[in-house]
Amino acid sequence: MKFLTILFLKFLLLSNFVIAETIPTKSKILKQSSDCFKDSRNQLCKELVSEIEKLQLVVFDQNRFKCQSSLLGLQTEIIEAYFFNNFSNERISLMIPYVIKNC
């Protein structure tokens, strides 16, 4: 029985890599998103996409699908701002209010 418990715990910890990593907070993501929209070509924007992905996995496990969808929309806007930098520097995120409301 002790062997099965240890085996189960190892499987649980190794299969869910999100547990081992630090999960970003909503306020950190919102602040970094605002900074990213001001200067979309910095390294912060690339890292922020991964940070939002981690948070999406956490809220998915909690069955918070509105929050997950809002985070996905924010992530899409950041990717769009990074790769399609032909917009003005005064770019405004439409998804930040939804992340605030749903998360």
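Bear in mind that the values here come from a model prediction, so they are computed numbers and not experimental data.

Caption draft 1: Structural detail: the packing of helix 2 (residues 26–38) against helix 4 (residues 65–83). The geometry of helix 2 relative to helix 4 is characterised by a closest axis approach of 10 Å and an angle of 25° between their N-to-C directions. The orientation of helix 2 relative to helix 4 falls into the category roughly parallel. Crossing hand, helix 2 versus helix 4: left-handed. Contacts between helix 2 and helix 4 involve Ile29, Ser33, Cys36 and Phe37 on the former and, on the latter, Leu74, Glu77, Ile78 and Ala81. For the contact of helix 2 with helix 4, the class distribution of residues is six nonpolar, one polar and one charged.

Caption draft 2: Main features of the state of the cysteines. Applying the stated criterion to the full structure yields two disulfides. One disulfide bridge connects Cys36 with Cys45, the sulfur atoms lying 1.9 Å from each other. The sign of the S-S torsion, about 135°, decides the handedness of the disulfide formed by Cys36 and Cys45: right-handed. Each of the two residues, Cys36 as well as Cys45, counts as buried. Bridging Cys67 to Cys103, the disulfide has an S-S length of 2.0 Å. Handedness of the Cys67-Cys103 disulfide follows from its S-S torsion of about 105°: it is right-handed. Remark: Cys103 occurs in the segment after helix 5 (96–102) and Cys67 occurs in helix 4; sequence separation between them is 36 residues. Across the chain, the disulfide pattern expressed with sequentially numbered bonded cysteines is 1-2, 3-4.

Caption draft 3: Structural context of the pattern of salt bridges. Overall, the coordinates contain two salt bridges when judged by the stated rule. A salt bridge links Asp35 to Lys31, with the shortest nitrogen-to-oxygen separation between them at 3.0 Å. In this pair, Asp35 and Lys31 both sit in helix 2, four residues apart, roughly one turn of the helix.

How each quantity is defined
- Residues numbered from 1 in each chain as written.
- Predicted model: local features only at pLDDT ≥ 70, side-chain atom pairs only at ≥ 80, totals over all residues.
- Heavy atoms only, no water.
- Axes fitted to C-alpha atoms, helices over the stretch in contact; angles between N-to-C directions.
- Helix = DSSP H or I, 4+ residues; strand = E, 2+ residues; numbered from the N terminus.
- Parallel < 35°, antiparallel > 145°, perpendicular 65-115°, else oblique.
- Left-handed = near helix turned anticlockwise from the far one by under 90°.
- Contact = heavy atoms within 4.5 Å.
- Nonpolar A, V, L, I, M, F, W, Y, C, P; charged D, E, K, R; others polar.
- Disulfide = S-S within 2.5 Å.
- Buried < 20%, exposed > 50% of the residue type's maximum accessible area, 1.4 Å probe, protein only.
- Salt bridge = Lys/Arg side-chain N within 4 Å of Asp/Glu carboxyl O.

Function cannot be read off these values alone, since they describe shape.
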